[in-house]
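An overview of the molecular structure
What follows is each chain in one-letter form.
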Amino acid sequence: MDTYFVGNQEYFKGIGKIAYEGPKSDNPLAFKFYDPKKIVRGKTMEDHLRFSVAYWHSFCADGTDPFGKATMHFPWKHDDPMQNARNKAEAAFEFITKLGAPFYAFHDVDASPDSESAAEYEKNYLEIAAYLKRLQDETGVRLLWNTSNLFSHPRYMNGAATNPDFSVLGRAALQVKTSLDVNVMLGGSGYTFWGGREGYMTLWNTDTKREEEHLGTFLRIARDYGRKIGFKGTFYIEPKPMEPSKHQYDFDAATAIAFIRKYGLENDFKCNIENNHATLAGHSFAHDLQVCVDNGMLGSVDANQGDAQNGWDTDEFPTNVYETTEAMLIILRNGGLHNGGLNFDAKRRRNSTELADLFIAHIGGMDAFALGLLTADKILADGKIDAMKKSRYASFDGGDGVLYEKGLIDLVKLADLGRKAQPKDISGKQELLYNLVNQYLFS
Ligand code: XUL
Ligand code: CO
């Protein structure tokens, strides 16, 4: 097997470039369904799916949880923080290139060492960013989005942009400013705001109106700075209802969209929808994606899945083909992901400790979305489901229904029509639709 590495050494030894071998392959380190150059609806699978590897889960999270210590042992670990960051970058680019994902995503402090000193934080970050740029140029891997971690450091325990103490906002702004500078250096397609601590723990100590306004101002000045320095990509708000806050202001897609509009950010911001965040909000992945598409607000996707028995944010790799099919159908109807991508904000389980498991987890996620794409394509090509949905609204496609949709019928006229109307019981055919979906999936 050919060796492949960037920098000085190979970290994922014995694993070469992951190839498409088809559904009959018994090689765990091969794609069964993701065939990057295969054309679907006039576009390659690679261009449809725009996969991205998340730095924080794949190269930083070591299996530590509230009940136990690290279980993952990373061969790139080094005691010197800057050497550690460079090694980690080399491991990341080796991994992403071998996997064949076109994109990656990171938080500032995933990639570069944090520091109590603001000057050192900036110096570290700009130096590592220059190295990331070199590795991007060498490998062709591109930045889907970056973000700033405004939730881990104790200074953010009461919020970042929504902290009641003004002095905290400045340090948060320094992080966002530097991340935007780095984004422009690296040619990022997007920049994400996920406000894990932008919420409250109790209403008894929180002025929610003021905090929300502070968040609106913070995002506006970040937008203004980004555009001024030449950031051409999309800003994203990533909704999540709770965890770590009791209540997060960007609760779900509908809430985030209302917020974006209220603060006049709709020309620059869209949503980054994460499956496990949607389910935590009591919705489905498909629901939050559809809310975004209906409002022209689908930006990007954090591709993962939760656990129906737990309810919390388990960030599992996506394997549920039913969900990926629903998602890809909505994405295809949206004309694709545009600047966005499918970013694996997902982690292997704590006891999946071999480095090969990191590949296997991503391969499964990529295959699940490839299957979703292929099935969604079948559903659209056949047209039966779309036709059934459309026919339910036929009464608005002719006669007074057309006038109503145009706003030309007032309440008195509508009530007059109601005197004559004799509504029938029309079946929604839900079970038939479910049965059809299974046929598309399994025939
Ligand atoms: C947390 C989460 C974050 C964001 C980026 O639940 O999803 O990792 O994606 O900050
Ligand atoms: Co996420």
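Preceding block: the structure.
Procedures and definitions
Residues numbered from 1 in each chain as written. Chains lettered and ligands numbered in written order. Predicted model: local features only at pLDDT ≥ 70, side-chain atom pairs only at ≥ 80, totals over all residues. Heavy atoms only, no water. Phe/Tyr/Trp six-rings, centres within 6.5 Å; stacked < 30°, edge-to-face > 60°. Helix = DSSP H or I, 4+ residues; strand = E, 2+ residues; numbered from the N terminus. Buried < 20%, exposed > 50% of the residue type's maximum accessible area, 1.4 Å probe, protein only. Lys NZ or Arg CZ within 6 Å of the ring centre and 35° of its normal. Pairing = 2+ DSSP bridges. Right-handed = clockwise from strand over helix to strand, strands pointing away.

What follows deals with the packing of aromatic side chains. Summed over the entire model, instances satisfying the criterion amount to 28 aromatic pairs. Between Tyr34 and Phe51, the aromatic rings sit 5.1 Å apart at their centres with planes inclined by 80°, giving edge-to-face as the arrangement. Residue Tyr34 is found in the loop between strand E2 (30-31) and strand E3 (39-40), and its partner Phe51 is found in strand E5 (residues 51-54); the two are separated by 17 residues along the sequence. On the accessibility criterion, Tyr34 (0% relative accessible area) is buried. Ring centres of Tyr191 and Phe235 lie 6.4 Å apart, and the angle between their planes is 70°; on these two criteria the pair is classed as edge-to-face. Remark: Phe235 occurs in strand E10 (residues 234-237) and Tyr191 occurs in strand E8 (residues 190-193); sequence separation between them is 44 residues. A residue is classified by how much of its surface remains accessible, and Phe235, at 0% relative accessible area, is buried. Within the aromatic cluster, the residues linked to one another by ring pairs are Tyr11, Phe12, Tyr55, Phe59, Phe74, Trp76, Phe93, Phe95, Tyr104, Phe106 and Phe359. It is Lys17 that lies over the ring of Tyr4; its NZ or CZ is 4.9 Å from the centre.

One face of the sheet, then the other: side chains in a regular strand alternate in exactly this way. Summarising burial for strand E13 (residues 298-302): five of the five residues are buried, a large majority. As judged from the four bridges shared by strand E12 (residues 269-274) and E13, these two strands associate in the parallel manner. The residue bridging Asn272 from the neighbouring strand is Ser300, located in E13. As judged from the two bridges shared by E13 and strand E14 (residues 342-344), these two strands associate in the parallel manner. By the bridge assignment for E14, Asp302 is matched with Asn343. Read from E13 through helix H11 (residues 321-333) to E14, the crossover connection turns out right-handed.

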